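For reference, the chains in residue letters:
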Amino acid sequence: MRKISHFIHFSRPHTVLGTVISITSLFLLAGGTYSDYIIWIVAIVACLGTNIYIVGLNQLTDISIDKVNKPYLPLASGAYTQSTALWIISASILISLGLGIFGGVFLLATLLISIVLGTIYSLPPVRLKRFHFWAAFCIIAIRGLVVNLLIFLHFTDKLQQHPHLTPVILLLTGVIFVYSIVIAWFKDIPDMSGDKEYEIKTLSLIVGPHQVFRWGNAILLSMLVLVIGIEWYFPVSDFASLVIIGHLIMALVLLKMWVTTSPTDAIAIKRYYLFIWLLFYLEYILFGLSGALT
């Protein structure tokens, strides 16, 4: 059980869950059904392999920082040796690329772009995570654009033999693009102590956590209201009412959480960061349901 617990922490479960939910939603929006489960499984396992490689490499290059910011992680706590972590991420990337070659051009392109961006995000001498703009760019590009557009093209290619994008996937991509910005900003608020010590120039250190918290929530709330307006006046999903009601509830909950959370309260801001991930999951679930119900 301890080994399982260490691996779960190493794989960063909130990112793993985000990958599973996002790929499943895109599969449903592309018209996938239970009879097409092999196509879904290949994409899920391939993307999870890349996911684990990226988060694992980041931990390998951040051991000293994580001892300050996230001492519970296996490498920071000493539960994993560097050789163990190297073995895990090497196996993950090999499985991922092997399935990508088998899966086709769009899946392989998703994996390769994600691997390149994930590598230069963490690995010296480039190490883009040192710079708040480029760190956010990597996260936004992978989560906000590459996964949604290329994986949807992959599924429509495999399921319909006609790779194409639809209005609803473009709306979802825009929504997740905004979430990716906010996640990229908010993930650094709880880690300011370690980032400052090791000269990682995050936006939170440059402008302050209160400003970042204010900007992120304002952008997110504006996006939720915009989606409600789009689906009300120019519906692009088949079940616009579901999307409208879901986003109205999310906007109200976000507003309540925003006004009751202090970005300088370490425990509260960590919970808030996971709350943003919960909203991220719900977006995919809402859009995925709208596709599955057609």
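Residues numbered from 1 in each chain as written. Predicted model: local features only at pLDDT ≥ 70, side-chain atom pairs only at ≥ 80, totals over all residues. Heavy atoms only, no water.

(A) Representation of the layout of surface pockets in the model. The computed volume of the largest pocket comes to approximately 1000 Å³. In this structure, the largest pocket is lined by 45 residues; those nearest its centre are His14, Thr15, Val55, Lys187 and Tyr273. Of all elements in the fold, only helix H2 (13–29), helix H3 (37–61), helix H4 (63–69), helix H7 (105–122), helix H8 (132–160) and helix H14 (266–292) reach the threshold of two or more residues within the lining of the largest pocket. Take the lining of the largest pocket: its biggest share by element is seven residues, from H3. (1 Å grid on protein atoms, 1.4 Å probe; cavity = no way out; pocket = protein on both sides within 12 Å on 5 of 7 lines; lining within 4 Å. Points joined across faces, edges and corners; volume = space filled by probe spheres on them. Helix = DSSP H or I, 4+ residues; strand = E, 2+ residues; numbered from the N terminus.)

(B) Local environment of the packing of H3 against H7. Running from N to C, H3 and H7 cross one another at 10°; their axes reach a closest spacing of 9 Å. By the angle class used here, H3 and H7 are roughly parallel. Together, Val42, Ala43, Ala46, Cys47, Thr50, Tyr53, Ile54, Leu57, Asn58 and Thr61 of H3 and Leu107, Leu111, Ser114, Ile115, Gly118, Thr119, Tyr121 and Ser122 of H7 make up the contact between the two elements. Its residues assigned to classes, the contact of H3 with H7 comprises eleven nonpolar, seven polar and no charged. (Axes fitted to C-alpha atoms, helices over the stretch in contact; angles between N-to-C directions. Parallel < 35°, antiparallel > 145°, perpendicular 65-115°, else oblique. Contact = heavy atoms within 4.5 Å. Nonpolar A, V, L, I, M, F, W, Y, C, P; charged D, E, K, R; others polar.)

(C) Up close: empty space enclosed by the protein. Under the defined criterion, the tally for this structure stands at one cavity of 30 Å³ or more. The volume enclosed by the largest cavity comes to roughly 50 Å³. As for the largest cavity, its lining consists of His132, Ala135, Ala136, Ile139, Ala184, Trp185, Lys187, Asp188, Thr202 and Leu203. A per-element tally of the lining of the largest cavity places H8 first, with four residues. Residue composition of the lining of the largest cavity, by class: six nonpolar, two polar and two charged.

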